[in-house]
Amino acid sequence: MENLAFIPSVLILLTMSVNLIIHRWRINLILLALQYLAVFILASLTAPLSLAIIKLIIGIVVSATLFITCLEKKAFEDEKVPLIKYIYRGLASLFVLTFSIAILNGFQAMLPIQIPEPILLGSIALIALGLLQLGMTNAPLQVLIGILSFLSGFELLYISLERSVMLEGLLAGVNLALALTGAYLLLKDEAEEVA
Amino acid sequence: MSTPLVFIFLPLLIAIILVLLRRKPKLSNIIGTISAFLFALIAHFMPEDLAISIGSLNIELAQSINLLGRSLEIASANLVFVSLAFIITGLWMLGSAWLDVSIWFRPISLAVTALLIAALGVNPFLYAALLIELVVLLFIPLLSPKGEETNTGVMRFLIFQTMALPPILLTGWMLSGIETAPSNSPLILRAAILVFLGFALWLAFIPFHTWLPIISENSHPWVVSFILLIMPTTIMIFLLTFFDRYAWLRNIPQFYDILRFLSTIMILVGGLLLTIEKNLGRAFGYAVIVETGFSILAMGLNPQGGLTWFSMLLLPRALGYWLWSFSLSLIKQKFKDLSFENISGLFHTFPFVSSGVIAGQLSIAGLPLLASFPVKRLIWFNIGSPNLLNALLIFIGSSGLLVFTINSLMHFLKQGSDLTVEEKPEELLIHKMIIAAGIILLIFFGIFPQIILPHWTKLLLVFERFPIIP
């Protein structure tokens, strides 16, 4: 049963890695929603369901907002890059994943309370791969996915440490505001400012 | 009635009204400017007991309100910061009347001021990090308006500012374990690293500064200067709140040495980058790094009285930024590009605007007789006593802006340049008057600092536990 808890962690590793390697908005946003589902399952291992479900609802709203925005955007082309770039990104994500697994025990030792390993793995992977994604691209959608993943990783860790409804509400607000900012950045080039 | 209602929720309500009036820039500007200065005046003249008497009417304001089990509090001691924040907003709102800024500038600047005041008044105070993140997100439409390409600086600004959120919140959780921990506990070191990392990201410490020159080159100078003044000022006050509340943090061995070291790096690197800069916009970004360095240095010189200099530096800095960025905005509106080769010989066609740039730069650099000089002089004279090498490095860094100003002046005075202005190259009388007033004000502050600056030391009354040593 304990090993089953690793399934959402593995789902996080897979979704993040694919999002890092392939930049196709439909795939990226579906995987982002799946990632939020995995975060919700992991969060529900330690936090009350009423608190953990906020992550799922916000995740779906955020993914849907970005999806609708991309649908609205005219001529939103998926990235076309040479194969070597995919290989490079794949190797980089593999390196970061290995690093995340390697530091798992050391990180746990630094924390004064015991956090279940699947949660810790999911959280570190989201933070590390999110940061990697932020360092590899300037495209607004990919940057947004990177920031949202990085924040989800932190939220997953934080919900195991402290449970506050007010804090969860504010974090949900930040996620929503990030999605709206992303939507603005994606669509603004097509609009004209009226001075 | 309560102070949070007056200084947070009322400005937010006016910001919403300004959103509705955004297509009427003149009206929204008048309402925004008057309300910002009005809030500043109310905060300034509010009695200590928060009781207002108008004729026979007596209103006693509560200093806090409860919200979802948490509280927002603006005590009498906080009102000095509140008035400073609204003065800054009012000044920028006023200047925007003569500049071609985004229609969202007025509502967003007022909303942001209210949110930043809320950030300093929220309990538990670590929730401020979330409010600051919301402020960052509100700034994005200003930095990257519709129809303009999103520059990398905006994306980096968003990334770095968001990355600051987790370390600050994690610190909050760690604090519960630290209060009782011995001073050599590894928990203290970890929490201190997280605090410094979070603030380093927020305040664009080197090497997290890369977004600063990019946004100051590409975004509207007026918007950039407002953001780069109000955000770091609030965040530095927030940093002082950390030092005030957590004895374990300020009791770290070499605490002041660390602050001085970090600030010296900022001043030195920012200054050196300024000496080789060839773009007026990018230079503003580097000058902000140097200025943040000076504020942190003032905190590091607290045993010599640094915090009073920190508080007295804020208004002269605001005035310097105001004049500098107002002149830069006029140049950018005319020439689109702020690089030297594009604006050589500017003084011959735009003498007031180029004088405004030079005066703003010289004031920020701390030239005698200008606004920042009286306070910077105190910092320069005192930095030598803890460490002479620091003093030398700070001298080199401080010279950076002076070197850049001389460089700018040489380009402005070049003869036989081929300026390409679409419209008739002349300065409007109102622009000349504003710039002249700005220069006169900078000189007034430089000659008579004792009239206005000591008032701002009251900003420190909030920090009851962080000792002001001398």
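Look up a bit, the structure's there.
The paragraphs below set out a description of the structure included in this document. (Residues numbered from 1 in each chain as written. Chains lettered and ligands numbered in written order. Predicted model: local features only at pLDDT ≥ 70, side-chain atom pairs only at ≥ 80, totals over all residues. Heavy atoms only, no water.)

1. Focus on the overall build of chain A
The helix and strand inventory of chain A stands at 8 helices and 0 strands. Tracing chain A from N to C terminus, the helices and strands come up as α-α-α-α-α-α-α-α. Relative to the compact-globule value of 16 Å for 195 residues, chain A shows a C-alpha radius of gyration of 17 Å, a close match. For chain A, the C-alpha atoms occupy an extent of roughly 55 × 40 × 30 Å along the three principal directions. When the accessible surface of chain A is totalled, it reaches about 8600 Å², and 71% of it is carbon and sulfur. (Helix = DSSP H or I, 4+ residues; strand = E, 2+ residues; numbered from the N terminus. Rg over C-alpha atoms; globule rule 2.2 N^0.38 Å. Areas by Shrake-Rupley, 256 points an atom, 1.4 Å probe, with all protein chains shown as cover.)

2. Details of the overall build of chain B
Looking only at helices and strands, chain B features 20 helices and 5 strands. Rg of the C-alpha trace for chain B: 22 Å, near the compact-globule value of 23 Å for 470 residues, within the 12% margin. Projected onto its principal axes, the C-alpha positions of chain B cover 70 × 60 × 45 Å. Buried residues in chain B amount to 60% of all 470 residues. Within chain B, contacts between residues separated by at least 24 positions form 80% of all contacts whose residues are at least 6 apart in sequence. Averaging the coordinates of the 25 positive side-chain charges in chain B and doing the same for the 22 negative ones gives two points 1 Å apart. (Buried < 20%, exposed > 50% of the residue type's maximum accessible area, 1.4 Å probe, protein only. Contact = heavy atoms within 4.5 Å. Lys, Arg positive; Asp, Glu negative; His and termini not counted. Charge placed at Lys NZ, Arg CZ, Asp CG, Glu CD.)

3. Let's talk about unusual backbone geometry
Residue and element names in this part refer to chain B. In the segment running from Asn123 into Pro124, the intervening peptide bond is cis, with an omega of 0°. Turning to its location among the elements, Pro124 is positioned in the loop between β5 (122-123) and α5 (128-143). Cis geometry is found at the peptide bond from Ile206 to Pro207, where omega equals 15°. Within the element layout of this structure, Pro207 appears in the loop between α8 (186-202) and α9 (211-218). Even without a glycine there, the phi angle at Lys336 is positive, about 70°. In this structure, Lys336 sits in the loop between α14 (306-335) and α15 (346-349).

4. Observations regarding a nonpolar patch on the surface
Residues and elements named next belong to chain B. Together, Leu369, Ile443, Phe444, Ile447, Phe448 and Ile451 make up an exposed nonpolar region whose accessible area comes to about 520 Å². Considering each element in turn, the nonpolar patch owes the most residues, 3 residues, to helix α19 (residues 429-447). Structurally, Phe448 can be placed in the loop between α19 and α20 (449-452). (Patch = residues over 30% accessible without salt bridge, like charges linked within 9 Å, V, L, I, M, F, W, Y side chains within 5 Å. Salt bridge = Lys/Arg side-chain N within 4 Å of Asp/Glu carboxyl O.)

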